[in-house]
Amino acid sequence: MTATSAADTAQTHVPRWTHADDLYVDGGWRASSSSSRIAQVDPATEREWGSVPDCSAEDVDAAMNAADRAFRAGPWSTSTPSSRAALLLRVADELEARAGDMAVTNTLENGSPVNETRGAAANAAGIFRHVAGLAPWLEDEDMRPFPAGGAESVVRKDPLGVCALIAPWNFPINLMVVKLAPALLAGNTVVMKPAPGTSLSIRFVVEACEAAGLPAGVVNLVTGGGEVGDRLVRHPLTAKVAFTGSTPVGRRIAAACGELLRPVTLELGGKSSAIVLDDADLDQVASVLVRSCLRNTGQTCYISTRILAPSSRYDEVVDMVTRTVAGARQGDPFDEATVFGPMASRAQYEVVRGFLDSARAEGARATTGGRPAATERGWFIEPTVLADVTPDMRVAKEEIFGPVVSVLRYTDLDEAVAIANDTPFGLGGLVFSANPARALAVAERMDTGSVGLNFFGSNHNAPFGGRHDSGLGVEYGIEGLSQYVTYKSIHRSLD
């Protein structure tokens, strides 16, 4: 890959929106009152190609007021879940109709390879359709008798109010939609804030909601940095906060919500492990390695970037991981053959460089990669495999969020589980084994929110969430929908 080829290709993919000066409030686009702008920069070429407003306090107030009016006076919160579900199904159709534009914009925003971003619309549509199918859970009559008899309680699931939804830059569409769809089905209204550098692709989601016929004020969009996010979190009209991002920011949001006694869902960082048992089929491991351990150029929260290998097969595992990673193409994210793109920002590029410097200083050995890619432009880090990593090294303890995997050695199964659990995080994990029962037994010992046996995937039917420093609450499934309701018990006599 050359920087020139990436620049030439990027020029041929023109996004529908570039320099936006508006936000979406009360069913329409309106100019921001702020003169401050946030540049949208292509990480493969370092070319500024767009900008969005850094919204003012007045902009945030306008969006929150519109959402609050729509919740209190509009038909949305009082309509039936089934009627809301019908509109969510229409949103899904509208998202799929915008798949091409969404992919181009998303790839320009964060450098995710187009073979990743092209699936964003279909996945987002799938989330909307799955959530729409949960409407009967909201509608079911939940009658509970008094233990002594003579009376019963009707348990209602009511919407909360205005939800502030804050999404990160690595999967800007789907990590917003996984919040938006259940919030809407439950009858809430929302104000969305994407990450500063990925603020244009989310406009397609807004456009899909508008085209589907959602009432004015139900969905609102503001853009900006941390100050705008803080205003949303602390706004007096906010009834619920949902955030995906770093653990340090999550802690600050949790503290604010605790002070305000405000419900919050947090999906935060991870440092997950893939335990390769001594009977594992390494060809099978290789077939899912990049997707499970380095997805989206390593910029995925749940991936297992620590590979734990038995001492008896350590060199064999290192060789397999090295061949697999070295054989996956890095380059222009608009090239269909590209597996690894650039870091999403210069800041993240520098973070990953710092981890590689630390790894060398502490004695880790790069079997492939280990340095910035030789390009004239673009924030590319060579996909890297680190061997001879010990649990006390920084690269084994902290989230890197780049194309770096570490291979650690263990002597017995107890040590493998101990290494996997020796982290403040608890988001994902993997176990590779030819024996399903043995793999399951190991998975049950891992202190984490999700574990894959010989593969890892997200199931819209099953809750996904982290333990410890990886967050609070869950997304997906009925459990994810339940994060957006408040319960009311109505007691009545049977006499």
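Remember, it's a predicted structure, so these values are computed and weren't measured experimentally.

Rules of the game
- Residues numbered from 1 in each chain as written.
- Predicted model: local features only at pLDDT ≥ 70, side-chain atom pairs only at ≥ 80, totals over all residues.
- Heavy atoms only, no water.
- Helix = DSSP H or I, 4+ residues; strand = E, 2+ residues; numbered from the N terminus.
- Rg over C-alpha atoms; globule rule 2.2 N^0.38 Å.
- Buried < 20%, exposed > 50% of the residue type's maximum accessible area, 1.4 Å probe, protein only.
- Contact = heavy atoms within 4.5 Å.
- Areas by Shrake-Rupley, 256 points an atom, 1.4 Å probe, with all protein chains shown as cover.
- Lys, Arg positive; Asp, Glu negative; His and termini not counted.
- Charge placed at Lys NZ, Arg CZ, Asp CG, Glu CD.
- Pairing = 2+ DSSP bridges.
- Axes fitted to C-alpha atoms, helices over the stretch in contact; angles between N-to-C directions.
- Expected span 1.5 Å × (residues − 1).
- Polar contact = N/O pair within 3.5 Å; in protein donor to acceptor, adjacent residues only side chain to side chain.
- Core = buried A, V, L, I, M, F, W, Y, C linked by side-chain atoms within 4.5 Å.
- Parallel < 35°, antiparallel > 145°, perpendicular 65-115°, else oblique.

Draft legend 1. Region of interest: the overall build of the protein. Secondary structure summary: the protein contains 18 helices and 20 strands in total. Taking 23 Å as the expected radius of gyration for a compact globule of 495 residues, we find that the protein reaches 23 Å, a close match to that expectation. For the protein, the residues scored as buried account for 59% of the 495 residues in total. Taking the contacts inside the protein whose residues are at least 6 apart along the sequence as the reference set, 73% of them involve residues at least 24 apart. Surface accessibility of the protein: about 18700 Å² in total, with carbon and sulfur atoms responsible for 51%. Charge-centre separation for the protein: the mean point of 44 positive side chains lies 2 Å from the mean point of 59 negative side chains.

Draft legend 2. Representation of the sheet that holds strand β20 (residues 485–493) in the model. If you trace the 3 strands from one edge of the open sheet to the other, you get β5-β6-β20, paired in antiparallel fashion. What marks the edges here is a single partner per strand, and that holds for β5 (143–145) and β20. Each strand axis lies, on average, 30° off the axis of its neighbour in the sheet, ignoring direction. Of the pairings in the sheet, the one linking β5 to strand β6 (residues 151–159) comprises 3 bridges and is antiparallel in character. Across the sheet, the residue bridging to P145 is E152, located in β6.

Draft legend 3. Representation of the pairing of strand β8 (residues 189–193) within the structure. When you tally the buried positions in β8, you get 5 out of 5 residues, the bulk of the element. The pairing of strand β7 (residues 162–166) with β8 spans 5 bridges and is parallel. Residue pairing in the sheet places A164 in a bridge with V191 of β8. Relative to strand β9 (residues 219–221), β8 runs parallel, the two sharing 3 bridges. Paired with V190 across the bridge in β9 is V219.

Draft legend 4. Layout of helix α11 (residues 247–260). Along its 14 residues, α11 runs 20 Å from first to last C-alpha, staying within 8% of the 20 Å computed at 1.5 Å per residue. When we look at burial in α11, the residues that qualify are T247, G250, I253, A256 and C257. Of the surrounding elements, those touching the buried residues of α11 are α10 (226–234), β10 (238–244) and β11 (264–267). Here α11 starts with a cap whose side-chain oxygen sits 3.4 Å from the backbone nitrogen of V249, and that cap is S246. L261 sits one or two residues past α11 and shows a positive phi near 50°.

Draft legend 5. View of the sheet that holds strand β16 (residues 404–410). Judged by pairing direction, the sheet is mixed, and its 7 strands sit side by side in the order β14-β15-β16-β13-β12-β17-β18 without closing on themselves. The strands lining the two open edges of the sheet, one partner per strand, are β14 (365–368) and β18 (452–453). Of the strand pairs in this sheet, strand β13 (residues 306–310) and β16 are connected by 5 bridges, and their pairing is parallel. Of the residues in β16, the one forming a bridge with R306 is S406.

Draft legend 6. View of the side chain of T368. Examined against the element boundaries, T368 turns out to sit in strand β14. Those residues in contact with T368, other than ones at most four positions away along the chain, are T322, V325, A326, P383, T384 and V385.

Draft legend 7. A look at the side chain of E207. The topology assignment puts E207 in helix α9 (residues 202–212). Aside from chain neighbours lying at most four places away, what touches E207 is R16, W17 and R98.

Draft legend 8. Structural detail: the nonpolar core. Membership of the largest hydrophobic core comes to 94 residues, with the highest contact counts inside it found for F128, L180, L184, M192 and L214. Not counting residues within four places of it along the chain, the set of residues in contact with L184 comprises W76, R84, L88, F128, V190, L214, V218 and V219.

Draft legend 9. Geometry of the packing of helix α3 (residues 81–96) against helix α6 (residues 120–132). Direction vectors running N to C along α3 and α6 enclose 170°, while the axes themselves pass 8 Å from each other. As summarised for this structure, α3 and α6 are arranged roughly antiparallel, according to the angle between their axes. Residues A85, L88, L89, V91, A92, D93, L95 and E96 of α3 lie in contact with α6, whose contacting residues are A121, A124, A125, F128, R129, V131 and A132.

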